[in-house]
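Letter by letter, the chains look like this.
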Amino acid sequence: MSESIDIPAGPPIPPAQEDLTPIERVSARMGISPEDYMLPAEREIRMLSPDGTLLPAEEQGTGPGHEYPVPGDDLLLEAYEQLIVGRRVNDQNTALVRQGRLAVYPSSHGQEACQVAAALCLDEGDWLFPTYRDTVAVIARGVDPLEVMVSFRGDWHCGYDPLEHRVGAQATPLTTQLLHAVGAAHAAVLRGEDTVVLAMCGDGATSEGDFHEALNFAAVFRLPVVFLVQNNGYAISVPLARQSAAPTLAHKAVGYGMAGERVDGNDLVAVLAALRRAVQLARSERTPLLVEAHTYRMQAHTNADDDTRYREREEVRQWAEKDPVLRMEAYLRSRGVLDDDAATRITGNAEAVAAALRQAMNAEAEPDPLEMFDHVYTEPTAQLRQQRDRLMEELAAESAADSPDAQEDAR
Amino acid sequence: MTAATQATDRRGGAGAVSAARQPAPVELTFAGALNAALAHSLEDHEEVVIFGEDVGTLGGVFRVTDGLAATYGRQRCFDTPLAESGIVGTAVGMAINGMRPAVEMQFDAFAYPAFEQVASHLAKMGNRTRGRVRLPVTVRIPYGGGVGGVEHHCDSSEAYYAHTPGLKVYVPATVEDAYLMLREAIDSDDPVVFFEPKKLYWSKADLDVGRLRSRYDGGERREGRAAVVRAGTDLTLVTYGPSLPTALKAAQAAEEEGVSVEVVDLRSIVPLDDVTVCASVERTGRALVVAEAQGFASVAAELVARIQERCFHSLASPVLRVTGFDIPYPAPRLEQYHLPSVDRILDAIDDMQWED
C-alpha cells in the first residue's frame, strides 16, 4: 500500500502563482487546463476486460492528467484475498438472515471490488466513513467481522470501536456520514496531520442535501477527503435516472471545484488504481476528489425487498457476467500471481471467517437490558437512573416469578 | 491583559476588558459574558474551535464571537458556507477526531436544517458506540422573541431538543450564568444545545470577568442545579431563560398584593433538577410554570406533569401554566399579546385555589 505513485510533472509553476487553488496548482503541474483536470475522463477508467485480460493502455480510458498506474502484484493479491473474504461474508450473512439469525443485512454482493479498494487505498492513520452497505469495507480495513455484525443481529450499538480502527460507525441515515468525514479531515488539517479521509455513499445519496454540503465544505476548506460514490444503479427501487440528470455522478465534482473521475466498479484493479491515486492527490495537495464507481447491487436492497418488482432478470444476468471476483481471479492467474495452492489457501481463509460468523450468530445474543441506560450520557441523569432502577425491579420480579420455587407455588 | 479582554476592548469595551482594568465590578452584558466564555475556552483548551455563519470577520450577528477570529486566529474561529447541517455534521466529524467544537446557529428557526445531524448523530453517537465516541460539541442557538424580530427569527425550539435523548439543553437567564454555563457546556463531554435568549443579550450585571473565570476554575457549576432566585412561601413559580425577568417582576407585583412567590430558575432543562423544583413546591403548596414557548407538548407541560406526580399531596391548587399560545410566532406588532406578561402571570396566580 505504501508504494508511491508518480504524478507526472508538468511545466514548473511560476513563483507568482504559489497562491493558486489546488485545482489550478495540480492542473498546471500536469500541463492541462483546470477544466480538463476536474472533468472526468471521457470514458470510465477500466483496466480489465470482463474476461479478466488486461486492456491495452489506450483502451483503459486514461489520458493526460488522468493517468492510473496499475498497482503491483503483491497489493493485487492482497486485494484478491479480501475480495474472496468479502464475497463469502456477504453470502454467509445473507444466509444467516434467511435463517433468522440476523435482523437485516444489506449485502454488497457484486460491489466487493469497491469495498475492498476503499479499505486498501488508505494508510493506517487515515479514516474511513462507511454506510450500512459497506460492511465488507469495514472488515477489509481490519475490524473483526464478528464485531461488525453486532448491530445487524439487532443490538443497539455499532459493535466496534471507531477510534481504534479509524472507521466511523456505519451510518444508516443517508449521506450524513459524508459531513462527518469532512469534519474529521478538517480536525486533522487543523492539527497539521496529513490524514486522508475516505467517505463512502451510494448513487441515491447524491440527491441528499448533505452530499452537497459535504462536497462544498471539503472544497471550500481544501480538505483531503476522497468521496467514493458506489453507483449501483438503484436506490432501493428507484433507478439512477430518477436521482440525477447529470451526465455522470462524477461530473457533480466540477460544480464544487474538485476533480471527479469514473471507474468501472467491478474491476478491482481499476478501482484500486483510481482510489490510490485520489488518496495520494488528496494527501499531497490537500484537496478533495470524487470517484464514481459504476457497479451493480446483485441482490435485493435487503431481505425485506423484492427486486423483481423493479428490474428485469436479464439486466441482473448481464451484470453477473461482469462479476468482480471472476475477472480478478482470471487476471491474477494469467499473471501467474495466483495458482491453485494460493487459491485453496485463500478460499480456506474465507471459509474460516464464514464458520466463525455462523458460530457466533447462532449463539443466542444476550444483551443486558440495563445497559440501555448507561451510555446515553457520559453519566446517566437522575431521571435515567430512576428509569433504570424501575426496569431492574421489573426484571427482578420477572426472574423471581420464573424461579422453580415460584412455579412450584403457582401449582 | 488577556487576549480575551483585548478582544472585548476593540468592541468598545462592554465588560471583559474594563473589568480586567478595574478592581471593582463593572457592567457586563449577557453577550459580553458569552464572548468572554468563548475566549477563555479557546485559551484553556487547544482543541476548542468555533465556527458558524458570520462568526469570523463580523463577530456574529449578535457580536457574541466579536474579536475571537482576530485574537485567536482564523484556524480557531472561522466562517463556514451557509449550511446548518454542514456546520453540525462537520462538528460531529471534528469531535470524532478529537476536537471540541462550539458552533453557532444564526437563529433558532435556522437551526432546523441541522436537525437530522443533531437528532440522529450528535445525540446518539455516544450510545451507539457504547460510550467509546463522545461528542463534546456545543451548539449555540440565539432563541426566543421579545426583540421585534420578523418571522423565523423568534422560535422557542427547546422542546425539540429536550425531547431528544442524548442531548443536554442549557438555557441561562442571567449574565453570570451565561458565562459559567457556556464554559460548562464547552467543557462537557456530552453534546449541549445552548440556548441564548435574544432579548437578554444586552441585559447587564455588575460582574468582574476575571472573578467569574476564577469561580469557574474553582469548580462552580450550574448543570442540573436549579436556582431558587427569590424566596417565597405561598407559591412556586418555575421558569427558565427569557421568562425569568418577567417572572421576577410578577413576583414583586404579587408581593405587593400580598402573595409571597418563590421563583425557581431551572438553568438546564436537561438534565432537569426536579428535586429543587419539587422541594420548593412542597414548601409552598402551589406551582405555576412560566415559559415563552407554545404550551402544547412543551417543557412547561413536562414540568406540570412532574410536579403533579411528585407533589400531589402537598398541592393546595391545580398546577397552572402561563406559556405562549399554540400559534406560529406572531408578527412583531403582535408579540406582546403572545408572550407571558406580568399581568397574565398575576391573573394565573389569582386563578389558583386560595381558599380551603
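An unreviewed UniProt entry annotates chain B as Alpha-ketoacid dehydrogenase subunit beta originating from Kocuria coralli.

Enquirer: Explanation requested: the overall build of chain A in the structure shown.
Expert: Secondary structure assignment for chain A yields 16 helices and seven strands. Computed over its C-alpha atoms, the radius of gyration of chain A comes to 24 Å, within 12% of the 22 Å expected for a compact globule of 411 residues. Taken over the C-alpha atoms alone, chain A extends approximately 90 × 50 × 40 Å along its principal axes. For chain A, the proportion of its 411 residues judged to be buried stands at 47%. Taking contacts inside chain A between residues at least 6 apart in sequence as the whole, the part at least 24 apart equals 72%.

Enquirer: What is the right way to read the overall build of chain B from this model?
Expert: The helix and strand inventory of chain B stands at 15 helices and 14 strands. Here chain B has a C-alpha radius of gyration of 20 Å; the compact-globule value for 356 residues is 21 Å, and the two agree. In terms of principal-axis extent, the alpha carbons of chain B reach across some 65 × 50 × 40 Å. Taken across its 356 residues, chain B has 59% of its residues classed as buried. Long-range contacts, defined here as pairs at least 24 residues apart, represent 77% of the contacts in chain B between residues at least 6 apart.

Enquirer: Hey, could you run me through the pairing of strand E7 (residues 289-294) of chain A in this one?
Expert: Each regular strand shows side chains that alternate between the opposite faces of the sheet. All names here are of chain A. Most of E7 sits inside the fold, with six of its six residues counted as buried. Judged by which residues are buried, E7 turns out to be covered on both faces: Leu289, Val291 and Ala293 on one side and Leu290, Glu292 and His294 on the other are all buried. In terms of strand pairing, strand E3 (residues 225-231) meets E7 through six bridges, oriented parallel. In the sheet register, Phe227 faces E7, and the bridge partner there is Leu290. Handedness of the strand E6 (residues 259-264)-helix H11 (residues 268-285)-E7 crossover: right-handed.

Enquirer: Mind showing me how you'd approach the sheet that holds strand E1 (residues 127-129) of chain A here?
Expert: Backbone-to-backbone hydrogen bonds pair the strands of a sheet. The strands run either parallel or antiparallel. Residue and element names in this part refer to chain A. Read across the open sheet, the five strands follow the order E1-E2-E3-E7-E6; overall the sheet is parallel. Where the open sheet ends on each side, the last strands, each with one partner, are E1 and E6. If you compare each strand with its neighbour and ignore which way they point, the axes differ by 20° on average. Two strands pair when backbone bridges link them, and E1 and strand E2 (residues 197-202) are joined in this way by three bridges, in the parallel orientation. Residue pairing for E2: Leu128 is matched across the bridge by Leu198. Sheet strands in contact with helix H4 (residues 112-120) are E1, E2, E3 and E7, and its direction is about 170° off that of E3.

Enquirer: Before we go on, may I ask you to explain the nonpolar core in this structure?
Expert: Soluble globular proteins tend to bury their nonpolar side chains together. Counting 215 residues, the largest nonpolar core has A:Ala117, A:Val226, A:Leu228 and A:Leu275 as the members making the most contacts within it. Sorting elements by how many residues they give to this core places H11(A) first, with twelve residues.

Enquirer: Please clarify how the domain arrangement of chain A should be interpreted in this entry.
Expert: Interfaces are often sized by the amount of accessible area the parts lose when they come together. As far as domains go, chain A holds domain 1 (15-338) and domain 2 (369-410). With centres defined by C-alpha atoms, the gap from domain 1 of chain A to domain 2 of chain A works out at 44 Å.

Enquirer: What exactly am I supposed to notice about the UniProt feature "domain: Transketolase-like pyrimidine-binding" (unreviewed entry) in chain B here?
Expert: Residues given the UniProt feature "domain: Transketolase-like pyrimidine-binding" (unreviewed entry) here are residues 28-203 of chain B. Annotated as residues 28-203 of chain B, this span is 36% helix and 17% strand, and its ends, taken at the C-alpha atoms, are 8 Å apart.

Enquirer: I would appreciate a short explanation of the environment of B:Ala37 in the present structure.
Expert: Residue and element names in this part refer to chain B. Following the sequence through the fold, Ala37 ends up in helix H3 (residues 30-44). In this structure Ala37 comes out as buried when scored by C-beta crowding, with 28 C-beta atoms within 10 Å. Sequence-wise, Ala37 and Phe107 are 70 residues apart; in three dimensions their C-alpha atoms are separated by 20 Å. In this structure Ala37 touches Tyr179, Leu182 and Arg183, once residues within four positions along its chain are discounted.

Enquirer: Hey, could you run me through helix H1 (residues 22-30) of chain A in this one?
Expert: An α-helical turn contains 3.6 residues, so a residue and the one three or four places further along point in the same direction. Residue and element names in this part refer to chain A. Regarding H1, the residues found buried are Pro22, Ile23, Val26 and Ser27. Angular distribution of buried residues about the axis of H1 spans 115°; they occupy a single face of the element. For H1, the elements touching its buried residues are helix H2 (34-38) and H11. Looking one or two residues beyond H1, the residue adopting positive phi is Gly31, at roughly 75°.

Enquirer: I keep staring at the sheet that holds strand E2 (residues 48-52) of chain B and nothing clicks. Help me out?
Expert: All names here are of chain B. Here seven strands make up an open sheet; going across it, the order is E3-E2-E4-E5-E7-E6-E12 and the pairing mixed. Sheet topology places strand E3 (77-79) and strand E12 (268-270) at the edges, where each strand pairs with a single neighbour. Across this sheet, the average inter-strand angle for adjacent strands is 20°, counted without regard to direction. By the bridge criterion, three bridges tie strand E4 (residues 100-104) to strand E5 (residues 138-143) in an arrangement that is parallel. Considered in E5, the bridge of Glu104 is made with Arg140.

Enquirer: Would you mind going over the environment of A:Val97 with me for this structure?
Expert: All names here are of chain A. Counting through the fold element by element, Val97 comes out in helix H3 (residues 73-98). Its 21 C-beta neighbours within 10 Å are what place Val97 among the buried residues. Setting aside residues no more than four positions away along its own chain, Val97 makes contact with Leu102, Val104, Tyr105 and Asn303.

Enquirer: It is not clear to me how the interface of chain A and chain B should be interpreted in this structure. Could you clarify?
Expert: With 32 residues of chain A at the interface, the matching set in chain B holds 36 residues. Within the side of chain A that touches chain B, the residues separate by chemical class into 17 nonpolar, twelve polar and three charged.

Enquirer: What should I look at first to understand unusual backbone geometry in this one?
Expert: Excluding glycine, residues mostly carry a negative phi; peptide bonds, for their part, are mostly trans. All names here are of chain B. Here the residue pair Val270 and Pro271 is connected by a cis peptide bond, since its omega of -5° sits within 30 degrees of zero. Among the secondary structure elements, Pro271 is positioned in the loop between E12 and helix H12 (274-284). Phi at Arg267 is positive, roughly 70°, even though this residue is not glycine. Here Arg267 shows up in the loop between strand E11 (261-265) and E12.

About the thresholds
Residues numbered from 1 in each chain as written. Chains lettered and ligands numbered in written order. Predicted model: local features only at pLDDT ≥ 70, side-chain atom pairs only at ≥ 80, totals over all residues. Helix = DSSP H or I, 4+ residues; strand = E, 2+ residues; numbered from the N terminus. Rg over C-alpha atoms; globule rule 2.2 N^0.38 Å. Buried ≥ 20, exposed ≤ 12 C-beta atoms within 10 Å, placed from the backbone. Contact = placed C-beta atoms within 7 Å. Pairing = 2+ DSSP bridges. Right-handed = clockwise from strand over helix to strand, strands pointing away. Axes fitted to C-alpha atoms, helices over the stretch in contact; angles between N-to-C directions. Core = buried A, V, L, I, M, F, W, Y, C linked by C-beta atoms within 7 Å. Domains from an automatic or database assignment. UniProt positions renumbered as here; feature names shortened; annotations may be inferred. Arc of directions from axis to C-beta. Nonpolar A, V, L, I, M, F, W, Y, C, P; charged D, E, K, R; others polar.

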